[in-house]
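Chains, contacts and geometry: an overview
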Amino acid sequence: FVFTQKKAYEMQRGLVGSEMCIRDSRNLEKILSFIEEKTRIPTTEIKTIEELKALKESNGLRCLLVGGDSRTFETYYEMAKENADCQYYHTAAELSQELFPKAKFGEAIILKDYDEGIAYYRTIFHKETFLEFLDLHSRPIVSPMDIKIVSDVFRKGGKKAVILFRNANAEGMAEIEAEFQKAATIKRSNDLIFVKADIKEGIELKTATFLEIDPKT
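Residues numbered from 1 in each chain as written. Predicted model: local features only at pLDDT ≥ 70, side-chain atom pairs only at ≥ 80, totals over all residues. Heavy atoms only, no water.

As a further point, take the sheet that holds strand β6 (residues 107-111). Strand-to-strand pairing in sheets goes through backbone hydrogen bonds, with the strands running parallel or antiparallel. Across the sheet, which stays open at both edges, the five strands sit in the order β3-β5-β4-β6-β7 with mixed pairing between neighbours. Edge positions in the sheet fall to β3 (43-46) and β7 (118-121), since each of these pairs with one other strand and no more. For this sheet the average axis-to-axis angle between neighbouring strands, irrespective of direction, equals 25°. Pairing analysis gives four bridges linking β6 to β7, with the strands arranged antiparallel. Note that in β7 the partner of leucine 111 across the bridge is isoleucine 118. Packing against the sheet, helix α6 (residues 127-136) makes contact with β4 (62-66), β5 (87-91), β6 and β7, and its axis sits at approximately 165° to β7. (Pairing = 2+ DSSP bridges. Helix = DSSP H or I, 4+ residues; strand = E, 2+ residues; numbered from the N terminus. Axes fitted to C-alpha atoms, helices over the stretch in contact; angles between N-to-C directions. Contact = heavy atoms within 4.5 Å.)

Once that is clear, we can look at the sheet that holds strand β8 (residues 142-144). With respect to topology, three strands assemble into an open sheet ordered β8-β10-β9, the strand pairing being parallel. At either margin of the open sheet sits one strand with a lone partner, and together these are β8 and β9 (160-166). Recorded for the sheet is a direction-independent mean angle of 35° between the axes of neighbouring strands. When β8 meets strand β10 (residues 192-198), the two strands line up parallel, connected through three bridges. From the neighbouring strand, valine 142 faces β10, where its bridge partner is phenylalanine 194. Strand contacts of helix α7 (residues 147-154): β8, β9 and β10, with the helix running at about 135° to β10, the strand carrying the most contacts.

With respect to the helices, strands and loops of the structure, asparagine 83 is situated in the loop between α4 (70-82) and β5. A relative accessible area of 18% places asparagine 83 in the buried class. Within polar-contact distance, the side chain of asparagine 83 engages the backbone nitrogen of aspartate 85 at 3.2 Å. Residue contacts for asparagine 83: discarding those within four places in its chain leaves Tyr88, Leu131 and Leu134. (Buried < 20%, exposed > 50% of the residue type's maximum accessible area, 1.4 Å probe, protein only. Polar contact = N/O pair within 3.5 Å; in protein donor to acceptor, adjacent residues only side chain to side chain.)

Another aspect to go through is the nonpolar core. By size, the foremost hydrophobic cluster in this structure holds 16 residues, and its most contacted members are Cys63, Tyr76, Tyr88, Ile110, Phe125, Phe130 and Leu134. For this core, the secondary structure elements donating two or more residues are β4, α4, β6, β7 and α6. Once you skip the residues sitting within four places of it in the chain, cysteine 63 turns out to touch Tyr76, Cys86, Gln87, Tyr88, Tyr89, Ala108, Ile109, Ile110 and Phe130. Counting residues in hydrophobic clusters, the runner-up holds 13 residues, among them Ile46, Leu52, Phe100 and Ile109. (Core = buried A, V, L, I, M, F, W, Y, C linked by side-chain atoms within 4.5 Å.)

Another point: helix α8 (residues 173-187). For α8, which comprises 15 residues, the first-to-last C-alpha distance of 21 Å matches the rise-based estimate of 21 Å (1.5 Å per residue) to within 8%. Among the residues of α8, those classed as buried are Met173, Phe180 and Ala184. Each buried residue of α8 lies within a common arc of 35° when the element is viewed along its axis, so the set occupies one face. Opposite the buried face of α8, at more than 90 degrees from it, the exposed residues are Ala174, Glu175 and Ile186. (Expected span 1.5 Å × (residues − 1). Arc of directions from axis to C-beta.)

Those residues of helix α3 (residues 49-57) that sit buried are Ile49, Leu52 and Leu55. All buried residues of α3 fall inside an arc of 115° around its axis, so they share one side. Seen from the open side of α3, the exposed residues pointing more than 90 degrees away from its buried face are Glu50 and Glu57. Contact partners of the buried residues in α3: β3, β4, β5, α5 (93-96) and β6.

This next bit is on a nonpolar patch on the surface. Together, Phe154, Phe210 and Leu211 give the surface a local cluster of nonpolar side chains, amounting to about 300 Å² of exposed area. Structurally, the position occupied by phenylalanine 154 is in helix α7. (Patch = residues over 30% accessible without salt bridge, like charges linked within 9 Å, V, L, I, M, F, W, Y side chains within 5 Å. Areas by Shrake-Rupley, 256 points an atom, 1.4 Å probe, with all protein chains shown as cover. Salt bridge = Lys/Arg side-chain N within 4 Å of Asp/Glu carboxyl O.)

Once that is clear, we can look at the packing of α7 against helix α9 (residues 202-210). Between α7 and α9, whose axes approach to 10 Å, the crossing angle comes to 25°. In terms of their interaxial angle, α7 and α9 are classed as roughly parallel. Where α7 crosses over α9, the two elements pack in a sense that is left-handed. Between α7, through Ile147, Val150 and Phe154, and α9, the contact on the second element is made entirely by Ile203, Thr207 and Phe210. When its residues are assigned to classes, the contact of α7 with α9 shows five nonpolar, one polar and no charged. (Parallel < 35°, antiparallel > 145°, perpendicular 65-115°, else oblique. Left-handed = near helix turned anticlockwise from the far one by under 90°. Nonpolar A, V, L, I, M, F, W, Y, C, P; charged D, E, K, R; others polar.)

This is the structure in C-alpha cells:
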C-alpha cells in the first residue's frame, strides 16, 4: 500500500491532492475500510424542509445542531467524529423553525423514539456537558432491562440503578408503575438510572436470581 502526498510545487501548478496505489489486494477490504473511516463526514447537513421532515420521522437516536458559530460547529463536528452512538445532523436556524419553532440558534436537539420524543440542549456548547446530556437521553426515563443496562450497572464503577421487579398483571401494578415513572422523571441522572423488569425469563430472571429476589413474591 503506497500513499504519496503531492509536493508544494505540484499544488502550485494545480495538481492538488494525493496519489494512492494499492499493491497488495489481499488487504484491500481493510485498507478501503480504513480510508472510509478516516474520510467519513460525521455530521450530515440538512438543506431542505423535506430532508428535515424525513429526519424527524426517522428512527434511532438523532442529534440536530441548529445553526451556531464556527466554534460551536467545530466542537460539534469533533464530538460527532469521536462518538458513534448517535446519528448527527446540522442545519440552518431559519430552516428549522417550521418543524422546531422552540429551537434557538446554536442549540442542539435530541430526537428519540421514546418518552417525549425530543429534548433541547439549551446551554453553552461544550463537548463534555453535551455528551452527558446525550447520555442522559440515550435511554428512556424508565428503561426496560436488557444486557446493556445490566452491563452499565454491574460493571466496576458502573451506574447506580433503581429496579422495579414487577408482575405486569398484578393488582395495583399500574399505580405502582405510575409512581415509579414520576420518581424517575425527577430523580434520574447520568449516574442513576431507573429500570423495570418482569421476572419471567432471560436476563431479567437471571438478574433477580443474582440479587436473591424470589420470582414468586
